[in-house]
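What follows is each chain in one-letter form.
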Amino acid sequence: MKDSKLSIKKATEELAAREPIFHRPEFGTSRADFEAMVAPEFWEIGASGRRYSKSFVLDALENRHAEPVSESYLVTDFACRELSPNLYLATYQLDQAGRLSQRSTIWSYSSGVWLIVFHQGTLIAA
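- With an unreviewed UniProt entry as reference, the chain is termed DUF4440 domain-containing protein, source organism Thiomonas arsenitoxydans.

And the structure:
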């Protein structure tokens with residue numbers, strides 16, 4: 001399948017399987033795994049509202065996964081939109097044991113490879 005012909009249905013299915021980012025052990029748990037998931041220009045806005053660089057996020061993930069991680073989460077309201085050819089926005093609500101947040105991730109797709117360009121998590125007030 002050519003990159004420009006990726007259907008929105010296929011993109012939605014593939015991205016739903018990858019979200020929430022950095023929480024899917026089947027895509028890896030090492031720093032090298034996480035580096036392979038993100039675009040060179042990746043950055044993030046955390047639930048705190050702070051902007052985080054790629055290196056900061058990779059350091060935090062490496063520290064978090066130094067020991068086995070056990071998590072409980074529920075993804076709801078997943079949606080995907082094509083922003084431009086091979087660039088997609090995935091949005092969803094994440095419930096982490098009562099900690100609710102609205103998430104958005106911008107993904108690029110090329111030659112069968114998905115890369116995270118940007119991610120934001122915003123806490124939802126109770």
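Details of the sheet that holds strand β3 (residues 74–84)
And step 1. The sheet built from six strands is open, its strands ordered β2-β1-β6-β5-β4-β3 with mixed pairing. The sheet is open, and its two edges are formed by β2 (51–53) and β3, each paired on a single side. Shown here is a sheet whose adjacent strand axes are inclined to one another by a mean of 20°, direction ignored.
And step 2. Where β3 lies against strand β4 (residues 87–96), eight bridges are found, and the strand directions are antiparallel. Across the sheet, residue C80 finds its bridge partner in β4, namely A90.
And step 3. The sheet strands contacting helix α1 (residues 8–16) are β3, β4, β5 (99–110) and β6 (113–123), and the helix crosses β3 at an angle near 135°.
And step 4. Each of β1 (38–45) and β2 is contacted by helix α3 (residues 54–64), which is oriented at about 80° to β2, the strand it contacts most.

Quick word on the packing of aromatic side chains
Remark: the centre distance and the inter-plane angle together describe each pair of aromatic rings, the angle taken between the planes.
And step 1. Counting across every chain of the model gives eight aromatic pairs.
And step 2. Relative to F56, the ring of Y52 lies with its centre 4.7 Å away and its plane at 15°, an arrangement referred to as stacked.
And step 3. In this structure Y52 comes out as buried when scored by relative accessible area, which is 18%.
And step 4. For F56, a relative accessible area of 44% puts it in the partly exposed group.
And step 5. One aromatic cluster is present, formed by Y88, W107, Y109 and W114 through successive ring pairs.

Description of the UniProt feature "domain: DUF4440" (unreviewed entry) in the chain
And step 1. According to UniProt, the positions carrying the feature "domain: DUF4440" (unreviewed entry) are residues 32–116.
And step 2. For the annotated span residues 32–116, helix accounts for 20% and strand for 56% of the residues, and the straight-line distance between the end C-alpha atoms is 14 Å.

Points about the nonpolar core
And step 1. F22, Y88, W107, W114 and I116 are the most contacted members of the largest nonpolar core, which has 20 residues in total.
And step 2. Excluding residues that lie within four positions of it along the chain, F22 makes contacts with F34, M37, V38, F42, E44, V57, L61, R64, H65 and I116.

Thoughts on the side chain of E19
And step 1. Its place among the elements puts E19 in the loop between α1 and α2 (31–37).
And step 2. In this structure, E19 is buried with no salt-bridge partner, the nearest side chain bearing the opposite charge being R103 at 6.8 Å.
And step 3. Looking at E19, its side chain comes within polar contact range of the main-chain nitrogen of I21, at 3.1 Å.
And step 4. There is a polar contact of 2.9 Å between the side chain of E19 and the side chain of W107.
And step 5. Sequence-distant contacts of E19, defined by excluding residues within four places in its chain, comprise R24, V75, F78, A90, Y92, T105 and W107.

Some points on unusual backbone geometry
And step 1. The step from E19 to P20 runs through a cis peptide bond, and the omega angle for that step is 0°.
And step 2. Phi at A97 is positive, roughly 50°, even though this residue is not glycine.
And step 3. With respect to the element layout, A97 can be found in the loop between β4 and β5.
And step 4. The exposure class of A97 is exposed, given its relative accessible area of 72%.
And step 5. Of note in the backbone geometry, S111 takes a positive phi value of approximately 50° without being a glycine.
And step 6. For S111, the position within the fold is in the loop between β5 and β6.

Conventions we followed
- Residues numbered from 1 in each chain as written.
- Predicted model: local features only at pLDDT ≥ 70, side-chain atom pairs only at ≥ 80, totals over all residues.
- Heavy atoms only, no water.
- Pairing = 2+ DSSP bridges.
- Helix = DSSP H or I, 4+ residues; strand = E, 2+ residues; numbered from the N terminus.
- Axes fitted to C-alpha atoms, helices over the stretch in contact; angles between N-to-C directions.
- Contact = heavy atoms within 4.5 Å.
- Phe/Tyr/Trp six-rings, centres within 6.5 Å; stacked < 30°, edge-to-face > 60°.
- Buried < 20%, exposed > 50% of the residue type's maximum accessible area, 1.4 Å probe, protein only.
- UniProt positions renumbered as here; feature names shortened; annotations may be inferred.
- Core = buried A, V, L, I, M, F, W, Y, C linked by side-chain atoms within 4.5 Å.
- Lys, Arg positive; Asp, Glu negative; His and termini not counted.
- Salt bridge = Lys/Arg side-chain N within 4 Å of Asp/Glu carboxyl O.
- Polar contact = N/O pair within 3.5 Å; in protein donor to acceptor, adjacent residues only side chain to side chain.

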